[in-house]
Amino acid sequence: MLIAIWAQDENGLIGKDYRLPWHLPEDLRRFKEVTQENVLVMGRKTYEGMGKRPLLNRKTIVLTQNKQYDPGYEDVLVMNQAQEVLNYEKDAREAIFIAGGSQVYKAFEPYLDKLFRTVIHHLFDGDAYFPTFDYTIFEKVESKKGLRDARNPYDYDFETFVRRA
Ligand SMILES: NC(=O)c1ccc[n+]([C@@H]2O[C@H](COP(=O)([O-])OP(=O)(O)OC[C@H]3O[C@@H](n4cnc5c(N)ncnc54)[C@H](OP(=O)(O)O)[C@@H]3O)[C@@H](O)[C@H]2O)c1
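Note that the coordinates shown come from a computational prediction; the quantities given were computed from them, not determined experimentally.

### Describing the overall build of the chain
- A tally of helices and strands in the chain yields four helices and 10 strands.
- Going from the N terminus to the C terminus, the chain shows its helices and strands as β-β-α-β-α-β-β-α-β-α-β-β-β-β.
- Its C-alpha atoms give the chain a radius of gyration of 15 Å, within 12% of the compact-globule value 15 Å for 165 residues.
- Of all 165 residues assigned to the chain, the portion counted as buried reaches 27%.
- Long-range pairs, those at least 24 residues apart, make up 67% of the contacts in the chain between residues at least 6 apart in sequence.

### A closer look at helix α1 (residues 25-35)
- Restricting attention to buried positions, one finds in α1 the residues Asp27, Phe31 and Thr35. Here the buried residues of α1 occupy an arc of 55 degrees about the axis, which is enough to place them on one side. Those residues of α1 that are exposed and aimed more than 90 degrees away from the buried face are Pro25, Arg29 and Glu33.
- Elements that come into contact with the buried residues of α1 comprise β1 (2-8), β3 (39-43), β6 (96-98), β7 (114-120) and β10 (156-163).
- One or two residues past the end of α1 sits glutamate 37, with phi positive at roughly 65 degrees.

### Here's the deal with the site of the ligand
- In the vicinity of the ligand, 28 residues are found, and the nearest of them are Gly15, Gly43, Thr46, Gly100 and Gly101.
- At the level of secondary structure, the elements contributing two or more residues to the shell around the ligand comprise β1, β2 (13-15), β3, α2 (44-49) and α4 (102-108).

### Quick word on the nonpolar core
- Residues Ala4, Ile5, Val41, Phe97 and Ile98 are the most contacted members of the largest nonpolar core, which totals 32 residues.
- Sorting the residues of this core by element identifies β1, β2, β3, β4 (59-63), β6, α4, β7 and β10 as the ones contributing at least two each.
- Among the elements that make up this core, the one with the highest residue count is β1 (five residues).
- Setting aside anything within four residues of it in sequence, one finds isoleucine 5 in contact with Phe31, Thr35, Phe97, Ala99 and Phe116.

### Here's the deal with the environment of glutamate 89
- Considering the arrangement of structural elements, one finds glutamate 89 in helix α3 (residues 82-91).
- Taking the C-beta count within 10 Å as the criterion, glutamate 89 has 17 such neighbours and is therefore assigned partly exposed.
- Taking the C-alpha atoms as reference points, glutamate 89 and tyrosine 111, 22 residues apart in sequence, are found 11 Å from one another.
- Apart from residues lying up to four places away in sequence, glutamate 89 is in contact with Leu2 and Ile96.

### Section: unusual backbone geometry
- Note the cis peptide between glycine 100 and glycine 101, where omega equals 0 degrees.
- Positionally, glycine 101 belongs in the loop between β6 and α4.
- Although it is not a glycine, aspartate 17 adopts a positive phi angle of roughly 50 degrees.
- Mapped onto the elements, aspartate 17 comes out in the loop between β2 and α1.
- On the basis of neighbour counts, which here come to 10 C-beta atoms within 10 Å, the residue aspartate 17 falls in the exposed class.
- Phi at lysine 52 is positive, roughly 55 degrees, even though this residue is not glycine.
- Summarising the element assignment, lysine 52 is placed in the loop between α2 and β4.

Parameters at a glance
Residues numbered from 1 in each chain as written. Predicted model: local features only at pLDDT ≥ 70, side-chain atom pairs only at ≥ 80, totals over all residues. Helix = DSSP H or I, 4+ residues; strand = E, 2+ residues; numbered from the N terminus. Rg over C-alpha atoms; globule rule 2.2 N^0.38 Å. Buried ≥ 20, exposed ≤ 12 C-beta atoms within 10 Å, placed from the backbone. Contact = placed C-beta atoms within 7 Å. Arc of directions from axis to C-beta. Near = placed C-beta within 6 Å. Core = buried A, V, L, I, M, F, W, Y, C linked by C-beta atoms within 7 Å.

Shown next as structure tokens:
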């Protein structure tokens, strides 16, 4: 199963200087919960924006065209084409989470089974946007309000879409 997961603001903004434009611990907690023990696929730029450090308890695959790329950790896999990820997924028992950024979400658009999108009802400054995407092939099956409090000072929704049969 291939699942894209991301958070965006109301304009589709997803990044600033290779980091998240906001601090929303509840979204990070949810990201951790759903991706735990599964596989994360990310572009080289997103991986480097995270300080070239894989997240705990999840296998990380970094996509780059650089065949010599050194991710800095033995257990991080490097793949050079989206097709390699699709081949890996065929034999995988875990869910494969497409975790960004823009280029990588676009590369996997035709193959996604499910989308986990967090929409933050606010506008932020930044420089990276979620790519143009054909939502008509997906059906929104859930929208859940996120907790708003002093540490999470925005309104936001956790949305789930599944590919239409
Ligand atoms: N809000 C969110 O949920 C979220 C999640 C993740 C990322 N982000 C943001 O997204 C932004 C980064 O997005 P981005 O589009 O600039 O970069 P990216 O997708 O993270 O990385 C792009 C790089 O990945 C490699 N790549 C992408 N597609 C490939 C393919 N089909 N085959 C082989 N290699 C491929 C290339 O690496 P090489 O140049 O090495 O060949 C490419 O330059 C950052 O601001 C980050 O913070 C936001």
